[in-house]
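Spelled out, the chains give:
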Amino acid sequence: MLNELYHSLNPVAISIGPLHIYWYALAYLAGFVLTGIVIYRVSRRWGLDITGDEVANLIVAMAWGIIIGARLFYVLFYGDGYYFANPLKIFALNEGGMSFHGGLVGAIVGGSLMCRSCHLSVPTVCDLGVIGAPLGLFFGRCANFVNGELWGKPTDLPWGVVFETGGNVARHPSQLYEAILEGLVIFCVLWMMSRHRPARPQGTFMGTFLVLYGVFRFLIEFVRVPDAQLGYLLGPITMGQLLSLPLVLLGIVVLAWAARAKHPQIGHVG
């Protein structure tokens, strides 16, 4: 069933003359918009004084941070020297190559800079942001599936998919595994946590997100084929797993700090 679905899909969502709009671009757009909606709704539920204009500014800043950070991390950690030999290719975003870990760092940096400008609490905004972020991950991984990229290892399971670039063999649709676990499952967990009143302490949501994402990504990498230019780094361990382990450790540290400090969620500071 999934195989038939994949082969019926077109990476181009809309074509108007020479203009082509890809599902991947729409996935990014949907992720940013839905994250903004989640931030606004949860901040209202928590009784914070964050305005709609401030949320919009945060989303724009995070979006730029995600794009820049995701690209730079891919160049540094996944490029295997290619981009140093071809520096102009760094700007060829249409050829793909984005790293979630870099996007996370970029989102935090971009959002923090905007927080300083708007006098918003950075820990609270981080907590709000990661509640909506899994929706962006969900759409992004679905777009990876449509594009036929980042596929998994060969499988004889009934939901295996034959990808054009993966040879004439059915493979794990690892993109959809990630969409479900890193996207829908994490979102549902954090959304339900956000309904608790009073709001859980600062850092609770960021810590939970880091732990869950790191664990899910580490596990899924075992059925996902690593980037061809890197392969396996340490036995069966991939670059994605090496970058995910620090997220789990950091998440545990953040959760421990949140439980000990018990700082309440606030909107503006100073």
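Predicted model only: the values in this text are computed from it and were never measured.

1. Details of the overall build of the protein
Per the secondary structure count, the protein includes nine helices and four strands. Reading the protein from its N terminus to its C terminus gives the helix and strand order α-β-β-α-α-α-α-α-β-β-α-α-α. Taken over the C-alpha trace, the protein has a radius of gyration of 19 Å; the compact-globule value for 270 residues is 18 Å, and the two agree within 12%. Within the span of the protein, comprising 270 residues, buried residues form 47% of the whole. When contacts within the protein are restricted to residue pairs at least 6 apart in sequence, those whose partners lie at least 24 apart make up 71%.

2. Here's the deal with the pattern of salt bridges
A full pass over the atoms with the stated rule returns six salt bridges. A salt bridge links Glu-221 to Arg-217; the shortest N-O distance between them is 2.8 Å. For the pair Glu-221 and Arg-217, one class covers both residues: buried. Several salt bridges share partner residues, and in doing so they unite Arg-141, Glu-178, Glu-182, Arg-217, Glu-221 and Arg-224 into one network.

3. Examining helix H2 (residues 23-45)
Here H2 contains 23 residues, and its C-alpha end-to-end distance of 32 Å stays within 8% of the 33 Å for a straight helix at 1.5 Å per residue. All of the buried residues along H2 are Ala-27, Gly-31, Phe-32, Thr-35, Gly-36, Val-38, Ile-39, Val-42, Ser-43 and Arg-45. Those residues of H2 hidden inside the fold are in contact with helix H3 (52-78), helix H6 (122-147) and helix H7 (174-194). Once H2 finishes, Gly-47 follows within two positions and takes phi at roughly 75 degrees, a positive value.

4. What to know about unusual backbone geometry
Backbone torsion omega between Arg-197 and Pro-198 reads 0 degrees, so that peptide bond is classified as cis. Looking at where Pro-198 falls in the secondary structure, it is placed in the loop between H7 and helix H8 (204-220). Phi is positive for Leu-150, which is not a glycine, with a value near 60 degrees. Looking at where Leu-150 falls in the secondary structure, it is placed in the loop between H6 and strand E3 (161-162). We classify Leu-150 as partly exposed; its relative accessible area is 30%.

5. A closer look at the environment of Met-192
Along the chain, Met-192 falls in helix H7. Separated by 171 residues in the primary sequence, Met-192 and Ile-21 place their C-alpha atoms 34 Å from one another.

6. Some words on the packing of H2 against H6
Describing two packed helices takes the angle between their axes plus the distance from one axis to the other. Between H2 and H6, the shortest axis-to-axis distance is 8 Å and the interhelical angle comes to 165 degrees. On the basis of their axis angle, the class for H2 and H6 is roughly antiparallel. The hand of the H2/H6 crossing is right-handed.

7. What about the confidence of the model for the protein?
For the protein, mean pLDDT is 93; residues scoring 70 or higher make up 99% of the total. By mean pLDDT, the top-scoring element of the protein is H7 (98), and the lowest-scoring one is helix H4 (residues 82-85) (80).

8. As for the nonpolar core
Ile-131, Leu-190 and Phe-209 are the most contacted members of the largest nonpolar core, which totals 36 residues. Of all the secondary-structure elements, those providing two or more residues to this core are H2, H3, helix H5 (100-118), H6, H7 and H8. Looking at this core, the element that brings in the most residues is H6, giving seven residues. The contacts of Leu-190, once residues within four sequence positions are left out, are Val-130, Ile-131, Pro-134, Phe-205, Thr-208 and Phe-209. In terms of nonpolar packing, the next biggest core, distinct from the first, is built from seven residues, Tyr-78, Tyr-83, Met-239 and Leu-243 among them.

About the criteria used
- Residues numbered from 1 in each chain as written.
- Predicted model: local features only at pLDDT ≥ 70, side-chain atom pairs only at ≥ 80, totals over all residues.
- Heavy atoms only, no water.
- Helix = DSSP H or I, 4+ residues; strand = E, 2+ residues; numbered from the N terminus.
- Rg over C-alpha atoms; globule rule 2.2 N^0.38 Å.
- Buried < 20%, exposed > 50% of the residue type's maximum accessible area, 1.4 Å probe, protein only.
- Contact = heavy atoms within 4.5 Å.
- Salt bridge = Lys/Arg side-chain N within 4 Å of Asp/Glu carboxyl O.
- Expected span 1.5 Å × (residues − 1).
- Axes fitted to C-alpha atoms, helices over the stretch in contact; angles between N-to-C directions.
- Parallel < 35°, antiparallel > 145°, perpendicular 65-115°, else oblique.
- Left-handed = near helix turned anticlockwise from the far one by under 90°.
- pLDDT = per-residue confidence, 0-100.
- Core = buried A, V, L, I, M, F, W, Y, C linked by side-chain atoms within 4.5 Å.

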